[in-house]
Amino acid sequence: MQKFTGLQYLKIDIASNYGLDKKTWDERLAWFEAHKDQLHEMLATAETPALYFAGVQAYEKALAGEACGYPISLDATSSGLQILAALCGDRLAAQLCNVVSTGSREDAYTGIYQTMLDKIGVEGRIKRSDVKQAVMTALYGSQAIPKLVFGEGGLLTMFYETMKEVAPYAWELNEAFLSMWNPNALINSWVLPDNFHVHVKVMGTVTERIHFLDEPIDVTKRVNMPVEEGRSLGANTIHSIDGMIVREMNRRCNYDPAAIAMVWDALQGVGTAGSDEDDAMVMKLWAHFKESGYLSARILDHLRVDNIDLVDEVEIRELLLSLPKKPFQIMTIHDCFRCLPNYGNDLREQYNLQLALIAKSRMLQFLVRQIMERTDITVESIDPEMWQEVLDTEYALS
């Protein structure tokens, strides 16, 4: 993974907000050097002018030796597809969305769009924006949006064939979620490795006929009821993992040094005792780790000298050593992460680590067993060693 100085991250951020966010780091830095004397004049043509202008002001402050106080932005490159690829070990899908490096800054939507163009030719007159809309929704189980985009003819068939070709196992997992639907369920529930409990009510549509001024009117409302078929399991499962990644990024990047010091003390057999609540949470989180293979950093808030023997100290040391050397604040909006420029390398490393830990884990098996209420299901990664490459991937955040 390439690393940069804080000043270089400011330059990259300015280039990205001008509209070069899909270019490589080197291309963005080269663009900045070529245009650094015209930055203010180019504001009118920036793709996101407010952020571009804020970045330019921060850069000028940095040149003057002042603290800029401006957080750069780094976005996940299609987080839903990234999570699907990591969950099942789909290398083709992982290459499509920068979970593993290809040597370029990949854009999944452009890649799928280009693959379709290669099949049908430019005379097919499909747009990248339409393909993006179809991909984003299809990966969460939607059939309606792809039909709206491509119609019900050959283009729709070609779209599905392309998805199976460029992301075969991620697409298979997407379809598998449809088969997990329980037509008798009133609620779908599961627990994530950080002990976050997900409860999603099953909502159906009921129509009642009422009379107003002697005229019959049909009134439709949504109620909690079993439905024969549902397409929401895949979307809700992936979104729940997405949310867990945000929580883990906050725990890892903005940790409390005093709390971490207490855990190191506990490993040395010294320190204060914890509460019954601490013990209970350590046991819950450790049980989730044993089943899922993913150890949440939340456990660090509850480890004390009198409960450290409940866990494997080797795993805890590995977790501690994976944290950034210094804590730093981050701001998150879904899969957009912002931090001060000097922490850009740490932010990217921590995000890579999250994807790698998911790829290394048994997260998918852990969740599917809960969703289907069966403990005899075995789910194995297609590429169990892929996680090692994920650690050094270049553009998972870009």
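Bear in mind that the values here come from a model prediction, so they are computed numbers and not experimental data.

Rules of the game
Residues numbered from 1 in each chain as written. Predicted model: local features only at pLDDT ≥ 70, side-chain atom pairs only at ≥ 80, totals over all residues. Heavy atoms only, no water. Helix = DSSP H or I, 4+ residues; strand = E, 2+ residues; numbered from the N terminus. Rg over C-alpha atoms; globule rule 2.2 N^0.38 Å. Buried < 20%, exposed > 50% of the residue type's maximum accessible area, 1.4 Å probe, protein only. Contact = heavy atoms within 4.5 Å. Pairing = 2+ DSSP bridges. Axes fitted to C-alpha atoms, helices over the stretch in contact; angles between N-to-C directions. Core = buried A, V, L, I, M, F, W, Y, C linked by side-chain atoms within 4.5 Å. Disulfide = S-S within 2.5 Å. Polar contact = N/O pair within 3.5 Å; in protein donor to acceptor, adjacent residues only side chain to side chain. Salt bridge = Lys/Arg side-chain N within 4 Å of Asp/Glu carboxyl O.

K.L.:
Help me out: how do you make sense of the overall build of the protein in this one?
P.N.:
If you tally the helices and strands in the protein, you get 17 helices and seven strands. For 398 residues, the compact-globule formula gives about 21 Å, and the C-alpha radius of gyration of the protein, at 24 Å, lands near that figure. Seen through its principal axes, the protein has C-alpha atoms that stretch 70 × 60 × 55 Å. Taking all 398 residues of the protein together, the buried fraction comes to 48%. Pairs at least 24 residues apart make up 68% of the contacts formed inside the protein by residues separated by at least 6 positions.

K.L.:
How should the sheet that holds strand β6 (residues 331-333) be read in this particular structure?
P.N.:
One key point about sheets: their strands pair by backbone hydrogen bonds, in either a parallel or an antiparallel sense. An order of β1-β7-β6 is seen for the three strands of this open sheet, with the pairing classed as antiparallel. In this open sheet, the two edge strands, each paired with only one partner strand, are β1 (72-75) and β6. For this sheet, the mean angle separating the axes of adjacent strands, direction not counted, is 20°. For β6 and strand β7 (residues 336-339), the ladder comprises three bridges, and the chain directions are antiparallel. The partner of I333 across the bridge, within β7, is C336.

K.L.:
Sorry if this is basic, but what is going on with the nonpolar core here?
P.N.:
Side chains of a nonpolar character, in soluble globular proteins, are inclined to be buried together. Counting 88 residues, the largest nonpolar core has L81, L87, I241, L347 and Y351 as the members making the most contacts within it. Residue contributions to this core peak at eight residues, all from helix α11 (residues 233-253). Y351 has contacts with A76, S79, Q82, I245, M249, F337, A396 and L397, leaving out every residue within four places of it along the chain. Within the second largest apolar cluster, 21 residues are counted, among which are Y255, A266, I299 and L323.

K.L.:
So what exactly am I meant to see when it comes to the pairing of strand β3 (residues 197-201) here?
P.N.:
Remark: a regular strand shows side chains that alternate across the two faces of the sheet. As paired elements, strand β2 (residues 187-191) and β3 share five bridges and run antiparallel to each other. Residue S189 lies in a different strand from β3, and its bridge partner there is H199. As consecutive antiparallel partners, β2 and β3 are separated by five residues, and within that stretch N195 has a phi angle of approximately 70°, a positive value.

K.L.:
Explain the pairing of β7 to me, please; I cannot follow it from the model alone.
P.N.:
Burial along β7 is two-sided: the residues C336 and R338 and F337 and C339 are all buried. Here four bridges tie β1 to β7, and the two strands are oriented antiparallel to one another. Paired with S73 across the two strands is R338, which belongs to β7. From the end of β6 to the start of β7, which pair antiparallel, there are two residues, and H334 there has a positive phi angle of about 55°.

K.L.:
What's the story with the state of the cysteines in this structure? I'm lost.
P.N.:
Joining two cysteines, a disulfide is a covalent bond between their sulfur atoms. Counting across every chain of the model gives zero disulfides. Free of any disulfide, C88 has its nearest cysteine sulfur in C97, 10 Å distant. You can see C253 has no disulfide; the closest cysteine sulfur is in C339, sitting 7.6 Å from it.

K.L.:
Help me understand the side chain of N307, please; the structure alone is not making it clear to me.
P.N.:
Note on placement: N307 falls in the loop between α13 (276-292) and α14 (313-321). Its relative accessible area of 0% is what places N307 among the buried residues. Of note is the side chain of N307, whose polar atom sits 2.7 Å from the backbone nitrogen of R304. What N307 contacts, discounting residues up to four positions off in sequence, is D278, D279, V282 and H302.

K.L.:
Just checking my understanding: could you explain helix α16 (residues 363-372) for this structure?
P.N.:
Think of an α-helix as 3.6 residues a turn; residues three or four steps apart then line up on the same face. Counting buried residues in α16 gives seven out of ten residues, a clear majority hidden from the surface. Residues M363, L364, Q365, F366, L367, V368 and I371 constitute the buried set of α16. Of the surrounding secondary structure, the elements contacted by the buried residues of α16 are α4 (79-88), α10 (168-179), β2, α11, α13 and α15 (344-360).

K.L.:
Can you walk me through the pattern of salt bridges in this structure?
P.N.:
Two side chains with opposite charge may pair up if their charged atoms get near one another. Enumeration over the complete set of coordinates arrives at 16 salt bridges. With a closest N to O distance of 2.9 Å, E165 and K119 form a salt bridge. Taken together, the residues E165 in helix α9 (residues 154-166) and K119 in helix α6 (residues 108-120) connect sequence positions 46 residues apart. On the basis of relative accessibility, which here comes to 44%, the residue E165 falls in the partly exposed class. Across the pair D194 and R251 runs a salt bridge whose closest N-O atoms are separated by 3.0 Å.

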